[in-house]
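# Understanding the architecture of this molecule
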Amino acid sequence: MKKVFILSVPFLIFLLLPFLNLLFVVPYSKLFNMITKKETITAFGLSFFTASICCILAFLIGTPFAYLLASTKRRIAFLELIIDLPNVLPPILMGVLLLLLYGKVGFVGRILDKASLEIPFTTFAVILAQLFVSIGYYLKVAYSSFLAIDKQLKEEGFILGLDELGILWRVYLPVARKGLVIGILGTFSRALGEFGATVVFAGNVFGKTQTISLYLYKLYVQNQEETYSVSFVMIIISYLILYLTKKLLNNVDY
């Protein structure tokens, strides 16, 4: 075990050193003032709002699909690959795809333009970008949670007169609730940190599309100390979300 630990030290150094280094450069005396600036609070507020809406939409449109996929008697490899695709594509590419579809020259964009509606470079564009990038994570967790449920429960639900929607609502959701919450927390964390698709599809407009990730990018070229301060707070938030997710994961029971 000692030899294995020694071999593991390079990984620990590689992983922890950037975080530890940040602790020594954060201007703690200015930290509170920096993170309570109007621009910082606005960026955090917009990010939490859009990420929350993203999670609601992921639950509403992703849960039925995850249930459908888990209920099929034969595994559908194509659909399973579709679930994983957002997790491997470059976020900037996904932003290009959204802009290509919803932009003024896009198929949906032209239809919306006739109704005097526009999605790109709006707050709703931020939500769509976050959803497009992060929903794959929720689907993966929801699908796995539904697969782990005893199929006998479904048969008993049919005996009691429930239809497929009733099975989903009254059997699968209560039983898999912890797993779904884990999926929501992971989706929220992924949406909160989204950058590539957002900057392409929504832009970087203060108070409208400037999420905390885009705000950090702006700060990086303007004020290093504020960059360190906001990064420090973001790491703490992400750690707390991850900690809560792990705690729930350790207590999942079906």
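Refer to the structure presented above.
Residues numbered from 1 in each chain as written. Predicted model: local features only at pLDDT ≥ 70, side-chain atom pairs only at ≥ 80, totals over all residues. Heavy atoms only, no water.

### Some remarks on the overall build of the protein chain
Defined as follows: The helix count covers DSSP runs of H or I at least four residues long, the strand count covers runs of E at least two residues long, and both are numbered beginning at the N terminus. Think of it in three bands: with a 1.4 Å probe and only protein chains considered, a residue is buried below 20% of the maximum accessible area for its type, exposed above 50%, and partly exposed in between. By definition in these notes, contact holds between two residues if any of their heavy atoms fall within 4.5 Å. Residue exposure ignores everything except the shown protein chains as possible cover, and the areas themselves are Shrake-Rupley values with a 1.4 Å probe. Charge assignment: positive for Lys and Arg, negative for Asp and Glu; neither His nor the chain ends contribute. A charge is said to be at NZ when it belongs to Lys, at CZ for Arg, at CG for Asp and at CD for Glu.
A count of helical and extended segments in the protein chain gives 13 helices and zero strands. Reading the helices (α) and strands (β) of the protein chain from amino to carboxyl end gives α-α-α-α-α-α-α-α-α-α-α-α-α. Burial analysis of the protein chain (254 residues in total) assigns 39% to the buried set. Look at the contacts in the protein chain between residues 6 or more apart in sequence, and 74% of them connect residues 24 or more apart. Element-wise, carbon and sulfur atoms account for 70% of the exposed surface of the protein chain, whose accessible area totals about 15,000 Å². Both charge centroids of the protein chain, one from 22 positive and one from 14 negative side chains, sit 5 Å from each other.

### Some thoughts on the packing of aromatic side chains
Keep this limit in mind: Aromatic pairs are defined between Phe, Tyr and Trp rings, using the six-membered ring for Trp, whenever the two ring centres lie within 6.5 Å; interplanar angles under 30 degrees are classed as stacked, those over 60 as edge-to-face, and all others as tilted.
In the structure shown here, the tally under the stated rule is eight aromatic pairs. On the numbers, 5.5 Å between centres and 55° between planes, the contact of Phe195 with Tyr217 is tilted. Here Tyr217 lies in helix H12 (residues 212-220) and Phe195 lies in the loop between helix H10 (177-192) and helix H11 (196-201), a separation of 22 residues in the sequence.

### Quick look at the pattern of salt bridges
We count it as follows: In the sections that follow, a salt bridge refers to a side-chain nitrogen of Lys or Arg positioned within 4 Å of a carboxyl oxygen of Asp or Glu.
The final tally for this structure, using the stated rule, is four salt bridges. One salt bridge in this structure joins Lys37 and Glu226, with 2.9 Å as the shortest N-O distance. Separated by 189 residues along the polypeptide, Lys37 in the loop between helix H2 (28-35) and helix H3 (38-71) and Glu226 in helix H13 (residues 224-250) bring together distant segments of the chain. Exposure remark for Glu226: the relative accessible area of 8% places this residue in the buried category. A salt bridge links Asp84 to Lys140, with the nearest nitrogen and oxygen atoms 3.3 Å apart. Here Asp84, found in helix H4 (residues 77-88), pairs with Lys140, found in helix H7 (residues 123-147); they are 56 residues apart in sequence, far enough to count as distant. We classify Asp84 as partly exposed; its relative accessible area is 27%.

### A few points about the nonpolar core
Note that soluble globular proteins tend to have their nonpolar side chains buried in a common cluster. To keep things clear, this is the line we draw: Think of a nonpolar core as a cluster: buried Ala, Val, Leu, Ile, Met, Phe, Trp, Tyr and Cys residues, connected wherever their side-chain atoms sit within 4.5 Å.
Counting 39 residues, the largest nonpolar core has Phe44, Phe146, Tyr172, Leu180, Ile212, Val230 and Met234 as its most contacted members. Looking at which element gives the most residues to this core, the answer is H3, with ten residues. Setting aside residues no more than four positions away along its own chain, Val230 makes contact with Thr40, Phe44, Ile212, Tyr215, Leu216 and Leu219. One finds Val126, Leu128, Ala197 and Phe201 within the second-largest nonpolar core, a separate group that totals twelve residues.

### A word on empty space enclosed by the protein
This is how the line gets drawn: Using protein atoms alone on a 1 Å grid, points that fit a 1.4 Å probe yet trap it form a cavity, whereas open point sets bounded by protein on both sides within 12 Å along at least five of seven lines form a pocket; residues with an atom within 4 Å of a point count as lining. Grid points are joined across faces, edges and corners, and a volume is the space filled by probe spheres set on the points. Any residue that is not Ala, Val, Leu, Ile, Met, Phe, Trp, Tyr, Cys, Pro, Asp, Glu, Lys or Arg is counted as polar, Gly included; the first ten are nonpolar and the last four charged.
All told, the structure shown has one cavity of 30 Å³ or more when counted by the stated rule. If you add up the space inside the largest cavity, you get close to 50 Å³. Looking at the largest cavity, the residues that line it are Tyr102, Gly103, Lys104, Gly109, Leu112, Asp113, Leu117, Glu118, Ile119 and Pro120. No other element matches the three residues that helix H6 (residues 107-114) contributes to the lining of the largest cavity. Each residue belonging to the lining of the largest cavity can be placed in one class, and the counts come to five nonpolar, two polar and three charged.

### Considering the packing of helix H5 (residues 91-102) against H7
Formally: With axes taken as lines fitted to C-alpha atoms, and helix axes fitted only over the stretch in contact, angles between N-to-C directions fall between 0 and 180 degrees. Roughly parallel refers to an angle under 35 degrees, roughly antiparallel to one over 145, roughly perpendicular to one between 65 and 115, and oblique to any angle outside these ranges. For any pair of crossing helices, the crossing counts as left-handed if the nearer helix is rotated counterclockwise from the farther one by less than a right angle, and right-handed if it is rotated clockwise.
Where H5 contacts H7, the two axes come as close as 10 Å, and the packing angle between them is 130°. Relative to H7, the element H5 lies oblique. Crossing angle aside, the handedness with which H5 passes H7 is right-handed. The residues of H7 that touch H5, namely those facing Met94, Leu97, Leu98 and Tyr102, are Leu128, Ala129, Phe132 and Val133. Split into classes, the residues belonging to the contact of H5 with H7 amount to eight nonpolar, no polar and no charged.

### Focus on the side chain of Ser47
We apply this condition: Under the rule applied, a polar contact is a pair of N or O atoms within 3.5 Å (in protein, one hydrogen donor and one hydrogen acceptor; residues adjacent in sequence only if both atoms are side-chain atoms).
Note on placement: Ser47 falls in helix H3. At 2.6 Å, the side chain of Ser47 and the backbone nitrogen of Ile212 are in polar contact. When sequence neighbours within four positions are dropped, the list of residues in contact with Ser47 reads Leu192, Thr211 and Ile212.

### Describing the side chain of Gln210
Residue position: Gln210 is located in the loop between H11 and H12. A polar contact is formed between the side chain of Gln210 and the side chain of Asn204, at a distance of 3.0 Å.

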